[in-house]
Amino acid sequence: MNLDQNIFLWISGLAGKFEVLDWIASLLANDYFIPAAVAMIAFGLWFSGVTSQERRRNQWGFIYAVAGFGCSSLVVAAINSVYFRPRPYVVFPQIIPQVDRLFYQPTVSSFPSYPAALTFAFAFGIWMQNKKVGTLLFCLSAFMSLARIYVGVHYASDVVTGAIIGIVVTYFVSLLLKKVLRPIINLLIVTLEHLFLA
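Residues numbered from 1 in each chain as written. Predicted model: local features only at pLDDT ≥ 70, side-chain atom pairs only at ≥ 80, totals over all residues. Heavy atoms only, no water.

Draft legend 1. Region of interest: helix 7 (residues 114-127). Here helix 7 is 14 residues long and its end C-alpha atoms lie 20 Å apart, about the 20 Å a rise of 1.5 Å per residue gives. Taking burial as the measure, the 14 residues of helix 7 include twelve buried ones, the bulk of the element. Turning to helix 7, its buried residues number three or more, namely Pro115, Ala116, Ala117, Leu118, Thr119, Phe120, Ala121, Phe122, Ala123, Phe124, Gly125 and Ile126. Of the residues that open helix 7, the one with a side-chain oxygen 3.2 Å from the backbone nitrogen of Ala116 is Ser113. (Helix = DSSP H or I, 4+ residues; strand = E, 2+ residues; numbered from the N terminus. Expected span 1.5 Å × (residues − 1). Buried < 20%, exposed > 50% of the residue type's maximum accessible area, 1.4 Å probe, protein only. Polar contact = N/O pair within 3.5 Å; in protein donor to acceptor, adjacent residues only side chain to side chain.)

Draft legend 2. Layout of a nonpolar patch on the surface. A cluster of nonpolar side chains, Val20, Trp23, Ile24, Leu27 and Phe33, forms an exposed patch at the surface whose accessible area comes to about 500 Å². No other element matches helix 2 (residues 19-29), which puts four residues into the nonpolar patch. Mapped onto the secondary structure, Leu27 falls in helix 2. When its relative accessible area of 31% is taken as the criterion, Leu27 is described as partly exposed. (Patch = residues over 30% accessible without salt bridge, like charges linked within 9 Å, V, L, I, M, F, W, Y side chains within 5 Å. Areas by Shrake-Rupley, 256 points an atom, 1.4 Å probe, with all protein chains shown as cover. Salt bridge = Lys/Arg side-chain N within 4 Å of Asp/Glu carboxyl O.)

Draft legend 3. The arrangement of the packing of helix 4 (residues 52-82) against helix 7 in detail. Helix 7 packs onto helix 4 with a crossing angle of 155° between their chain directions and a minimal axis gap of 7 Å. Taken together, the axes of helix 4 and helix 7 are roughly antiparallel relative to one another. The hand of the helix 4/helix 7 crossing is right-handed. Where helix 4 abuts helix 7, its residues Gly61, Phe62, Tyr64, Ala65, Val66, Gly68, Phe69, Ser72, Ser73, Val76, Ala77 and Asn80 lie against Tyr114, Ala117, Leu118, Ala121, Phe122, Gly125 and Ile126. Tallied by class, the residues present in the contact of helix 4 with helix 7 amount to 13 nonpolar, six polar and no charged. (Axes fitted to C-alpha atoms, helices over the stretch in contact; angles between N-to-C directions. Parallel < 35°, antiparallel > 145°, perpendicular 65-115°, else oblique. Left-handed = near helix turned anticlockwise from the far one by under 90°. Contact = heavy atoms within 4.5 Å. Nonpolar A, V, L, I, M, F, W, Y, C, P; charged D, E, K, R; others polar.)

Draft legend 4. Broad picture of helix 1 (residues 3-12). For helix 1, the complete set of buried residues consists of Asp4, Gln5, Phe8, Ile11 and Ser12. The arc that holds the buried residues of helix 1, viewed along the axis, is 135°, so those residues lie on one side. Across helix 1 from its buried face, at more than 90 degrees, point the exposed residues Leu3 and Trp10. Capping of helix 1 at its N-terminal end is provided by Asn2; its side-chain oxygen lies 3.1 Å from the backbone amide nitrogen of Asp4. (Arc of directions from axis to C-beta.)

Draft legend 5. Up close: the packing of helix 1 against helix 8 (residues 131-150). Following both chains from N to C, one finds helix 1 and helix 8 inclined at 90°, their axes separated by 8 Å at the closest point. Judged on the interaxial angle alone, helix 8 and helix 1 are roughly perpendicular. Across the interface between the two elements, Phe8, Ile11 and Ser12 of helix 1 pack against Leu146, Ile149 and Tyr150 of helix 8.

Draft legend 6. Just the pattern of salt bridges, in detail. Under the defined criterion, the tally for this structure stands at four salt bridges. Residues Asp22 and Arg101 are paired through a salt bridge, measuring 3.1 Å at the closest nitrogen-oxygen approach. Taken as a pair, Asp22 in helix 2 and Arg101 in helix 6 (residues 96-102) lie far apart in primary sequence, 79 residues in all. Among the residues examined, Arg101 registers a relative accessible area of 49% and is labelled partly exposed. With its nearest N and O atoms 3.0 Å apart, the salt bridge here joins Asp31 to Arg148. On the criterion of sequence distance, the pair formed by Asp31 in the loop between helix 2 and helix 3 (33-46) and Arg148 in helix 8 is long-range, its members being 117 residues apart.

Listed below in structure tokens is the structure:
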């Protein structure tokens, strides 16, 4: 057994020992709860800011987050098209009852983690422009990633690699947006402001 599997068995081995922890992990691992919360917080930033400069920074953070989200999704899909890693419950069938009780059995590749890539992409996009909110989103993303190991659907390397993909891809997308598309995006934001949509 390798280190990744040992970490997985240690974290997922806690399942079933504490009912409250099982409930929290099940909620945090959900495909919709944390991603929806991250997206709503990021979207709320589009309209927030005490000064026009602060609002514009937040809007750029939202743009980085959405662009990073989309591009990270494409990178994970490309990796999944050439590499398939079985889910932990396939390798360790003794945990299938745990997975069924806390989550469900996804059939797509375990590596890299889509949810980790996408939530960390959003978090990093926002963090580049708003450290306080970005840090909150990083925490939510980390909780979701840990919960997905706990419920038995990812290895630690799946979520760590997903997080790295989300962050790195968003960083490079932000450079492209800043250096190449800034005038067009600023014009779009100004137009949306005149329509009361920004």
